[in-house]
Each structure stands twice: as C-alpha cells, then as structure tokens.
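The chain contents come next:
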Amino acid sequence: MEKIIRAIIYLLPLIFAFGFLVPVIAQGMAALGWTPPFGLTVFTFALIIGGGWGLFAQIKGRWI
C-alpha cells in the first residue's frame, strides 16, 4: 500500500495536468471560440499544452 501511495504522489503533477489542466484549457478555448493551430482539435491541443506543462513540472519539480 505504501508503494502505491508513493507512486501516486510521485506522479501527482501529471495526474493534475491530465485531470484538471487539460479539460480547463479545452473548455476555455471552446468557450472563447479559439481554434488551435495546424488543424488540431481543441482537445488534442489541450493535451499537448497541458501534458507538456505537467511533464515539465514532473521533471523540474516546479510549475514555473
């Protein structure tokens, strides 16, 4: 049980990014009527931005 909790805590930046940031980015873009570049869908663009930001936080240990 302790190993599972440690794994969850270790992956918390990615869990937050995919569970919170990606939907917020996608819904924000849809609400504002923005279209993503390169013909991507709104959700794909949100996955790239939110996932990249979460990966950065995972590697660096900080969000900014």
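Up top is the structure.
Residues numbered from 1 in each chain as written. Predicted model: local features only at pLDDT ≥ 70, side-chain atom pairs only at ≥ 80, totals over all residues. Heavy atoms only, no water.

Asks: Just to check I follow, could you spell out the packing of helix α1 (residues 2-10) against helix α2 (residues 12-32) for this structure?
Replies: In a pair of packed helices, the angle between the axes and the distance between the axes together describe the arrangement. α2 packs onto α1 with a crossing angle of 60° between their chain directions and a minimal axis gap of 5 Å. Taken together, the axes of α1 and α2 are oblique relative to one another. Judged by residue contacts, Ile-8, Ile-9 and Tyr-10 of α1 engage Leu-12, Pro-13 and Ile-15 from α2. Grouping the constituent residues of the contact of α1 with α2 by class yields 6 nonpolar, no polar and no charged. (Axes fitted to C-alpha atoms, helices over the stretch in contact; angles between N-to-C directions. Helix = DSSP H or I, 4+ residues; strand = E, 2+ residues; numbered from the N terminus. Parallel < 35°, antiparallel > 145°, perpendicular 65-115°, else oblique. Contact = heavy atoms within 4.5 Å. Nonpolar A, V, L, I, M, F, W, Y, C, P; charged D, E, K, R; others polar.)

Asks: Just to check I follow, could you spell out the side chain of Gln-58 for this structure?
Replies: Among the structural elements, Gln-58 can be located in helix α3 (residues 42-60). Setting aside residues no more than four positions away along its own chain, Gln-58 makes contact with Tyr-10, Leu-11, Pro-13 and Leu-14.

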